[in-house]
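These are the residues of each chain, in order.
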Amino acid sequence: MMDGNEKNSRTDPPDGGRTGEGRMSSIATIKDVARKAGVSISTVSRVLNNTQSVSPELAEKVNSAVEQLGYCANAAARGLRVTQTNRVAIILTSLSRVFFTSVLEGIHREASQLGYSLLITETHDNIQEEIQAVDFFASQWVDGIILASSAYGTDKATRDHIARLSTLSKKDTRIPVVTLEFPLNNPQVGAVVIDHEQAAYEAVRYLIRDLGRRHVVLISHPAWHFIGQKRILGYRRAMESAGFSLEECTVLEGNYSTYSGHSLTHQMLKRRIPCDAIFCANDQIAVGALKACEEAGVSVPEQIAIVGIDDIFAASIVSPSLTSIHVPKHKMGASAMQLLHTAIEQNGIGRRKIIKLDFELIERETTRKGAENSLRFLEW
């Protein structure tokens, strides 16, 4: 396939094939237009397709470059197929996870500025559904994929799927992939992540060191889940660092839902498992745990303190308000879109980049009575 730097070996067209500068013409590509105008390919696409507003100055540069290169005439005359579609696929594990609401908002805002439209689906945390979704979107000629993956296993099908993510293409143009929350074992697939183990460690250390709690129970994600495993490790490390044995660690395996938090807390209280603090693997679980304590007449935080992770909008509006590890979800989405855009511009070639985001514990009323209900991150 000829790119914008290669000369065309065709014979001259009937008109002599002369450009305004007197040189032999070649087949102009969108990359040629972008290079001549001094703008990105996505800016050229926005001007040509009128999909997003562009400043008059940039539009004039693009249109001038198009006219000088004869881009539209060449593309129409030769029936060239432009591979860039300005569509990006978003594949999530579950649309019911409130966490992804702000992530999607971050992706959408950045995508809009860059001139991309979004196609979104979910996999229900099923690796086979994920493989099918990737295949489907690759066949639709999207420019790139942002993936919240379920590829945690070591079986051959999962390993083959992870390896294949760096080989997706449309004609001679790669379809790059960026993952959310954790990296995959593929040196060409970028990711935007947080340190899940350290986040859990700091949440539990806060409960023990700052609040003096002695019986911290973890309600976790599924133990086979990558994030679930990391947060269990962080919990156990914090407990061991504080002098507790593994036998004193209590892990109740849930899923991601408010229902599992409610159900497991109810069972724990019924079984009289020693507990003066609950660390929940996400805020949806924590909201369920809070409701179960309320129904059982257990006062929060006096009898049981509760901490979640994610700092979703509900953390600020439940009563008592929820202490949580704030994950910059909007930034995660925007960073993933920026990373993907860069990979698209580079045709998917280049060194993988892993962006690790910071997190922060936001103290509210489920751990300290009278604590200020921080609304600092409510918009995200």
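Along each chain, residue indices are assigned from 1 in the same order as the chain's sequence is written. For this predicted model, a pLDDT threshold of at least 70 governs which residues receive local features, and a threshold of 80 or more governs which side-chain atom pairs are given and counted, while totals over whole chains, interfaces and linings are taken from all residues. Note: side-chain values were computed over all heavy atoms of the structure, leaving out hydrogens and water.

Draft legend 1. Molecular detail of the overall build of the protein. What counts as a helix is a DSSP run of H or I of at least four residues, what counts as a strand is a run of E of at least two, and both are numbered from the N terminus. A count of helical and extended segments in the protein gives 13 helices and 14 strands. When burial is assessed residue by residue, the protein has 52% of its 380 residues classed as buried. Here a residue-residue contact requires only that any non-hydrogen atoms of the pair lie within 4.5 Å. Nonlocal contacts in the protein, meaning residues at least 24 apart in sequence, comprise 72% of its contacts between residues at least 6 apart. Of the accessible surface of the protein, which amounts to about 18000 Å², a share of 49% is contributed by carbon and sulfur atoms. Working definition: with a 1.4 Å probe on protein chains only, accessible area under 20% of the residue-type maximum means buried, over 50% means exposed, and in between means partly exposed. In these tables, accessible area is a Shrake-Rupley quantity obtained with a 1.4 Å probe, and a residue counts as shielded only by the protein chains included in the view.

Draft legend 2. Geometry of the pairing of strand β2 (residues 117–122). Only strands joined by at least two bridges in the DSSP assignment are considered to pair. Two strands pair when backbone bridges link them, and strand β1 (residues 87–92) and β2 are joined in this way by 6 bridges, in the parallel orientation. Note on β2: the bridge partner recorded for Leu 92 is Glu 122.

Draft legend 3. Region of the structure containing unusual backbone geometry. Along the chain, Val 300 connects to Pro 301 via a cis peptide bond; the corresponding omega equals 15°. Of note, Pro 301 is situated in the loop between α11 (283–295) and β11 (305–310). Here the bond from Ser 319 into Pro 320 is cis, since omega is -5°, no more than 30 degrees from zero. Inspection of the secondary structure assignment puts Pro 320 in the loop between α12 (314–317) and β12 (323–326). At Asp 125, a residue that is not glycine, the phi angle is positive and equals roughly 55°. Here Asp 125 is to be found in the loop between β2 and α6 (127–139). On the accessibility criterion, Asp 125 (17% relative accessible area) is buried. The backbone phi angle of Trp 141 is positive, close to 60°, even though this residue is not glycine. Mapped onto the elements, Trp 141 comes out in the loop between α6 and β3 (144–147). Given a relative accessible area of 21%, Trp 141 falls into the partly exposed group.

Draft legend 4. Highlighting α6. For α6, which comprises 13 residues, the first-to-last C-alpha distance of 18 Å matches the rise-based estimate of 18 Å (1.5 Å per residue) to within 8%. Of all the positions in α6, only Ile 127, Glu 130, Ile 131, Ala 133, Val 134, Phe 137 and Ala 138 are classed as buried. Buried residues of α6, viewed axially, fall in a sector of 165°; they line one side. Buried residues in α6 make contact with β1, β2, β3 and α7 (156–164). Polar contacts here mean pairs of N or O atoms no more than 3.5 Å apart (in protein, one a potential hydrogen donor and the other a potential acceptor; neighbouring residues in sequence count only if both atoms are side-chain atoms). The distance from a side-chain oxygen at the start of α6 to the backbone nitrogen of Gln 128 is 2.8 Å, and the residue carrying that oxygen is Asn 126. Downstream of α6 by one or two residues, Trp 141 has phi in the positive range, about 60°. Expected span of a helix: the number of residues minus one, times 1.5 Å. Working definition: the arc comes from the directions between the helix axis and the C-beta atoms, pointing outward to the latter.

Draft legend 5. Expanded view of the side chain of Glu 110. Mapped onto the secondary structure, Glu 110 falls in helix α5 (residues 99–114). Counted charges follow a simple rule, with Lys and Arg positive, Asp and Glu negative, and His plus the chain ends left uncounted. Basic side-chain nitrogens of Lys or Arg form a salt bridge, by our definition, when they fall within 4 Å of a carboxyl oxygen of Asp or Glu. Here Glu 110 occupies a buried position and makes no salt bridge, while the nearest side chain of opposite charge, Arg 109, is found at 9.0 Å. Non-local contacts of Glu 110, meaning those with residues more than four positions away in its chain, are made with Ala 334, Met 337 and Gln 338.

Draft legend 6. Highlighting the nonpolar core. With 50 residues, the main nonpolar core has Ile 146, Leu 180, Leu 207, Val 216, Phe 279, Met 332 and Met 337 as its most contacted residues. Sorting elements by how many residues they give to this core places helix α8 (residues 196–210) first, with 8 residues. When neighbours within four sequence positions are excluded, Met 332 is seen to be in contact with Phe 99, Val 103, Leu 180, Glu 181, Val 192, Val 193, Ile 194, Val 327 and Leu 357. Residues belong to one nonpolar core when they are buried, are Ala, Val, Leu, Ile, Met, Phe, Trp, Tyr or Cys, and are joined through side-chain atoms within 4.5 Å.

Draft legend 7. Looking closely at the packing of helix α1 (residues 30–37) against helix α3 (residues 56–69). Each axis is a line fitted through C-alpha atoms, and for a helix only the stretch in contact is used; angles between axes span 0 to 180 degrees, taken between their N-to-C directions. The N-to-C vectors of α1 and α3 enclose an angle of 125°; their axes lie 9 Å apart at closest approach. When the interaxial angle is binned, α1 and α3 end up oblique. You can see that α1 and α3 cross each other, and the crossing is right-handed. Between α1 and α3, the residues in contact are Asp 32, Val 33, Lys 36 and Ala 37 and Lys 61, Val 62, Ala 65, Val 66, Gln 68 and Leu 69, respectively. Here the word oblique covers every angle except those under 35 degrees (roughly parallel), over 145 (roughly antiparallel) and from 65 to 115 (roughly perpendicular). If you view the pair so one helix is near and one far, a crossing is left-handed when the near helix is turned anticlockwise from the far one by less than a right angle, and right-handed when it is turned clockwise.

Draft legend 8. Layout of the packing of aromatic side chains. Classification of ring pairs rests on two measures: the distance between centres of Phe, Tyr or Trp rings, Trp counted by its six-membered ring, which must be within 6.5 Å, and the angle between planes, read as stacked under 30 degrees, edge-to-face over 60 and tilted in between. Summed over the entire model, instances satisfying the criterion amount to 5 aromatic pairs. Judged by centre distance (5.4 Å) and plane angle (65°), the ring pair of Phe 136 and Phe 137 falls under edge-to-face. Centre to centre, the rings of Tyr 152 and Trp 224 are 5.6 Å apart; their planes meet at 45°, and the pair counts as tilted. Of the two residues, Tyr 152 sits in the loop between β3 and α7 while Trp 224 sits in the loop between β8 (216–220) and α9 (226–241), which places them 72 residues apart along the sequence. In textbook terms, an aromatic cluster arises when at least three aromatic residues are bridged by ring pairs, as seen for Tyr 152, Phe 182, Trp 224 and Phe 226. Here, a charge over a ring is recorded when the distance from Lys NZ or Arg CZ to the ring centre is within 6 Å and its angle to the ring normal is within 35 degrees. We note Arg 237 situated over the ring of Tyr 201; from NZ or CZ to the ring centre the distance is 4.1 Å.

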